[in-house]
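Residue-level listing of the chains:
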Amino acid sequence: MLDPRTKLPRLFFHAPRTSLVRRVLLALVATALLVPLGAPSSGQAVSRTTRHFISNLHGATAPKALGYDIFDTGASGVATLPAGVQGLVWLGQKCPTPADAAFRATVDRLATNTKVFGYYLSDEPHVADCPRAAAALASRADYIRAKSRGAQKSFIVLSRVVDYSAFRPAATHVDLVGIDPYPCSVASPACPVTKIRDKVTAARKAGIPLAAIVPVHQAFGQQNIGGGYYRLPTAAQMRAMLAEWDRLVPSPVMDYAYGWSHQSSSNPTLVDSRPLQTVLAAHNGVVVR
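Computed from a predicted model, the values in this text were never measured in an experiment.

Draft legend 1. Up close: the pairing of strand E2 (residues 70-73). The sheet contact formed by strand E1 (residues 51-54) and E2 spans two bridges and is parallel. For isoleucine 54, the partnering residue across the bridge sits in E2 and is phenylalanine 71. Relative to strand E3 (residues 86-90), E2 runs parallel, the two sharing four bridges. Each bridged residue has a counterpart across the sheet, and for threonine 73 the counterpart in E3 is valine 89.

Now the structure itself:
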């Protein structure tokens, strides 16, 4: 029976008002009432990151239902982003060049747009091929920071350990650096999470701060591409990779799922695997029915 004053079971009020047992029981009930219904119950840790980025959408909006709230987009696509989603605008170059008039005009137009989270400035540049790229990135990152008054982020992704020092934020002035170990491959079908640990350790030793690291989650393979090297992880392998990322980089500004749709270099991808969608959604704090 409920007490009319509190709507709690009367049994909690049978003990004296000063009873320690009464206070403990009340605290436990109050805590239980605050647990959100529908929270993930698989035992998988829910990501503590505030934002979740996904690329290669090709117009798809389905990832929003999986908890992704930053979409890969071009400058012209910002206006059509779904409600509640921001864009990471692709202004990237393999070998970055200094901010030019076209770059500045685009940033000028978008610098106060609240739909823009930031700008993707380069995907896997290599210092051996692009010796002036760090200074070029600094000119671009500095311009973004000045025009948006720090509200919008600059972002790059690095693949080779040898490039980490040259492209560290102190040299490039970028805000965020994606690290992409991609553990699952033909050579490593068990998807060893030690590859994640090794690259995060190397990145930190090279001067990339923990707060700048963006975990890149491997949500692609190359089984459907002739001579393909990478393998799409299983749901269990994805859970293991997510747990390792969460252990090493527990509170990133964002994480990055690569990627949703097919490309010439990625097939199959996340769009092909409902089990992987379910695992990543749970990590993003969403229950997929």
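Now that the structure has been shown, we can carry on.
Draft legend 2. Spotlight on the sheet that holds strand E8 (residues 254-258). With respect to topology, eight strands assemble into a closed barrel ordered E1-E2-E3-E4-E5-E6-E7-E8, the strand pairing being parallel. Looking at each pair of strands side by side, their axes are set apart by 30° on average, direction ignored. Along the sheet face, helix H3 (residues 133-148) touches strand E4 (116-123) and strand E5 (153-158) and points at about 175° away from the line of E4.

Draft legend 3. Quick peek at the packing of aromatic side chains. Taken as a whole and assessed by the stated rule, the structure comprises 14 aromatic pairs. When the centroid spacing of 6.1 Å and the interplanar angle of 70° are considered together, the rings of phenylalanine 155 and tyrosine 256 count as edge-to-face. Note that phenylalanine 155 is positioned in strand E5 and tyrosine 256 in strand E8, a separation of 101 residues in sequence. Tyrosine 256 shares its class with phenylalanine 155; the two are buried.

Draft legend 4. Structural context of H3. Here H3 is 16 residues long and its end C-alpha atoms lie 22 Å apart, about the 22 Å a rise of 1.5 Å per residue gives. Buried within H3 are the following residues: Ala133, Ala134, Ala136, Leu137, Ala138, Arg140, Ala141, Tyr143, Ile144 and Ser148. Taken from the residues just after H3, arginine 149 is the one with a positive phi, measuring 55°.

Analysis parameters
- Residues numbered from 1 in each chain as written.
- Predicted model: local features only at pLDDT ≥ 70, side-chain atom pairs only at ≥ 80, totals over all residues.
- Heavy atoms only, no water.
- Pairing = 2+ DSSP bridges.
- Helix = DSSP H or I, 4+ residues; strand = E, 2+ residues; numbered from the N terminus.
- Axes fitted to C-alpha atoms, helices over the stretch in contact; angles between N-to-C directions.
- Contact = heavy atoms within 4.5 Å.
- Phe/Tyr/Trp six-rings, centres within 6.5 Å; stacked < 30°, edge-to-face > 60°.
- Buried < 20%, exposed > 50% of the residue type's maximum accessible area, 1.4 Å probe, protein only.
- Expected span 1.5 Å × (residues − 1).

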